[in-house]
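Structural features, examined
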Amino acid sequence: MATSAQPGLLGLAGSAGGEALATNGTASAEGPERPGPLQDETLGVVSVPSQWRGVQGIRGETKSCQTASIATAEASVQARKHVDAEVQTEVPEPVSLPSVPRYNGPRLAAFLRKVEAMVTRELNKNWQSHAFDGFEVNWAEQQQTVTCLHTLSYPPAQEQGLHVTGVSWNTTGSVVACAYGRLDDGDWSTLKSFVCTWNLDRRGLNPQQPSAVVEVPSAVMCLAFHPTQPSHMAGGLYSGEVLVWDAGRPEDPLLWRTGLTDDTHTDPVYQVVWLPEPRHSRRFQLLSVAADGKVLLWQGVGAGRLQLSAGFALAVQQLPRNTKLKKPSRGETEVGATAVAFSSFDPSLFVLGTEGGFPLKCSLAAEEAAVTRMPSSLPLRAPAQFTFAPHGGPVYSVSCSPFHRNLFLSAGTDGHVHLYSMLQAQPLTSLQLSHKYLFAVRWSPVRPLVFAAASGAGDVQLFDLQKSSQRPTVSVKQTEDESPVYCLEFNCQQTQLLAAGDAKGTVKVWQLSSEFTEQGARETERLDQLASEVAS
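Residues numbered from 1 in each chain as written. Predicted model: local features only at pLDDT ≥ 70, side-chain atom pairs only at ≥ 80, totals over all residues. Heavy atoms only, no water.

**Overview of the overall build of the protein chain**
Short version of the rule: Every helix listed is a DSSP run of H or I at least four residues long, and every strand listed is a run of E at least two residues long, numbered separately from the N terminus. Only protein chains enter the accessibility calculation, which uses a 1.4 Å probe; a residue is then buried when its area is under 20% of its type maximum, exposed when over 50%, and partly exposed in between. Should any heavy atoms of two residues lie within 4.5 Å, those residues are counted as being in contact. Computed with a 1.4 Å probe, the accessible areas rest on the Shrake-Rupley method; for each residue, only the protein chains presented here act as cover.
The helix and strand tally for the protein chain stands at five helices and 28 strands. For the protein chain, the residues scored as buried account for 43% of the 536 residues in total. Residue pairs at least 24 apart in sequence account for 53% of intrachain contacts in the protein chain once pairs closer than 6 positions are excluded. Entry remark: accessible area of the protein chain is about 31900 Å², with carbon and sulfur atoms responsible for 51%.

So this is what it looks like as structure tokens:
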């Protein structure tokens, strides 16, 4: 409800006006002393227009802006011209074909009957011929020379006068590693040394900057990559320890070590070899040979430790007496081992090179206890089964043929390479390669009649017995000043590569010519003939 006052009533004054307003304009019947009750009433709406709004009015402003002028341009292109041309061939001349006479059936049959016996005889002769046995077509470009692909080195090791004492290729064939140490006289047990690797497939290879460098507290005497793990490698130290590194962990490469315990070698370790476990072909153990006469098998366990799993010792009084040997020095009870090679056909059979100059045929399955006073946490066994005729000095390297179960090579300080059969003591042949020491010999992994030798005169010699059994087929100069070449290894994956390390602290990677990587006809038969010869 809205109650509004009319404009006319606003002009009333005095109480009468108030009373009239209170009584709706009608006097009470009871008089002014007794006012009557109030009543509701709807009146008209009073509006008061706003003078201020009219004065102010509605203000508005108009503004504008201009964008930057838009530049326009027109362009046109012309399509390239097309030219039509015509040629006219010469009018073909009709060629008259001679008529082919119909064959004479009876005469053809008579001819075939006439030559049938002669053709049959020639076919039988060809079928029985062995002229092309073993021949394989090779479409690759023939390489006629042996060339040096890389000359690798580590300057800090060279500054210390360290030698390359061992080289090894990893399982992919793309990485080569070398061990730095010393092979001359002196105590190198506390000499800081290195193990270096180079990835030859990497772009921008720097021959003086290895892909990985491992610092070692003692001279490293030998090195071997793991057969299946591309970055794992084992090394033997001058101090007698055996260590395993992971080159893929540059911050902390050491995986396992033997430590200095009663089981550790007491003389320099000259070779280490990875062997599959007998019951687990995918798991490997590590074999080490040293100048203390012990051959030890190690197994990696927790906490970074190599634990002895089996051991052998070479006691003088237990050597087989099937050949005449020099009398050992007074008081000498052990025979120092310098090299080892395992048969490709019998995983328990191996050959040892010794300081006495005679190779030994040995077996991991030997059960006879070794007669030795050397301390050991496990009983040591006597592995020697057969003694071969000796060299004129210590044997530094042995290598079993990957193509024949009975053949192996040995190289020694007398400058000779001997080819032996496992079945007889005397060598089948003896080759004098140098008037200085021979430090390494290796069979080719792809050619049955090829092997390589490292000379103390600074050269690498390659022999092909199919061409000559007395002189090398190729001799390449590794060092200009005739510093010794101490080690070499064929690449089993990239078979045209051969790595060799020398006393100058360098590793050279040689690319072999095709004549050293392609097997010739009847080559295996020729190897069998060599093995069947009886030594004179």
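**Side note on the pairing of strand S13 (residues 305–313)**
Rules: Between any two strands, at least two bridges found by DSSP are needed for them to pair.
For strand S12 (residues 294–301) and S13, the ladder comprises eight bridges, and the chain directions are antiparallel. What sits directly across from Val301, in S13, is Arg305. Hairpin remark: S12 followed by S13, antiparallel, with three residues in the connecting loop; positive phi at Ala303, about 65°.

**Section: the sheet that holds strand S14 (residues 337–342)**
Sheets are built from strands paired through backbone hydrogen bonds, the pairs being either parallel or antiparallel. Rule in force here: Each axis is a line fitted through C-alpha atoms, and for a helix only the stretch in contact is used; angles between axes span 0 to 180 degrees, taken between their N-to-C directions.
If you walk across this open sheet you meet the four strands as S14-S15-S16-S17, and the pairing is antiparallel. With one partner strand each, in any of the chains shown, S14 and strand S17 (384–387) form the two edges of the open sheet. When strand polarity is set aside, the average angle formed by the axes of neighbouring strands in this sheet is 30°.

**Quick notes on the packing of aromatic side chains**
Between two aromatic rings, the relevant description is the distance of the centres plus the angle of the planes. So the rule is basically this: For this analysis, a ring pair means two rings from Phe, Tyr or Trp (six-membered ring only for Trp) whose centres lie within 6.5 Å, classed as stacked if their planes differ by under 30 degrees, edge-to-face if by over 60, and tilted for the remaining angles.
Under the definition given, this model contains twelve aromatic pairs. Ring centres 5.0 Å apart and planes at 70° place the aromatic pair Phe388 and Phe408 in the edge-to-face group. Here Phe388 is found in the loop between S17 and strand S18 (395–400), whereas its partner Phe408 is found in strand S19 (residues 407–412), with 20 residues between them in sequence. Since its relative accessible area comes to 0%, Phe388 is described here as buried.

**Some remarks on the sheet that holds strand S1 (residues 147–153)**
Here we have four strands laid out as an open sheet, ordered S1-S28-S27-S26, and antiparallel in their pairing. Strand pairing shows two members of the sheet lacking a second neighbour, S1 and strand S26 (485–490), which therefore form its edges. Ignoring strand direction, the axes of neighbouring strands in this sheet form an average angle of 20°.

**Looking at a nonpolar patch on the surface**
For clarity, the cut-off: Note on patches: the residues involved have over 30% relative accessible area and no salt bridge, like charges join within 9 Å, and the nonpolar side chains Val, Leu, Ile, Met, Phe, Trp and Tyr join within 5 Å. Within this document, salt bridges are pairs made up of a side-chain nitrogen of Lys or Arg and a carboxyl oxygen of Asp or Glu, the two lying within 4 Å of each other.
Nonpolar side chains collect at one region of the surface, where Leu108, Phe111 and Leu112 lie side by side and expose about 300 Å² of accessible area between them. For Phe111, a relative accessible area of 48% translates into the label partly exposed.

**So, the side chain of Thr165**
In this fold, Thr165 is placed in strand S2 (residues 163–169). The buried category is assigned to Thr165, whose relative accessible area is 8%. The contacts of Thr165, once residues within four sequence positions are left out, are Ala179, Tyr180, Gly181, Arg182, Leu183, Val220, Met221, Cys222 and Cys487.

**Structural notes on the nonpolar core**
Note the cut-off: Each nonpolar core is a collection of buried residues, namely Ala, Val, Leu, Ile, Met, Phe, Trp, Tyr and Cys, held together in the definition by side-chain atoms within 4.5 Å.
Counting 22 residues, the largest nonpolar core has Leu287, Val340, Phe342, Leu352, Leu360 and Leu364 as the members making the most contacts within it. Counting residues per element, this core draws most heavily on S14, which supplies three residues. Each residue touching Phe342, except ones within four places of it in the same chain, is listed here: Val273, Leu275, Leu287, Pro347, Leu349, Phe350, Leu364 and Cys400. Membership of the second largest hydrophobic core comes to 21 residues, among which are Cys222, Val272, Ala290 and Ala370.

**Digging into the environment of Gln317**
Take Gln317: it is sitting in the loop between S13 and S14. With a relative accessible area of 47%, Gln317 lands in the partly exposed category. Taking the C-alpha atoms as reference points, Gln317 and Thr333, 16 residues apart in sequence, are found 7.4 Å from one another.

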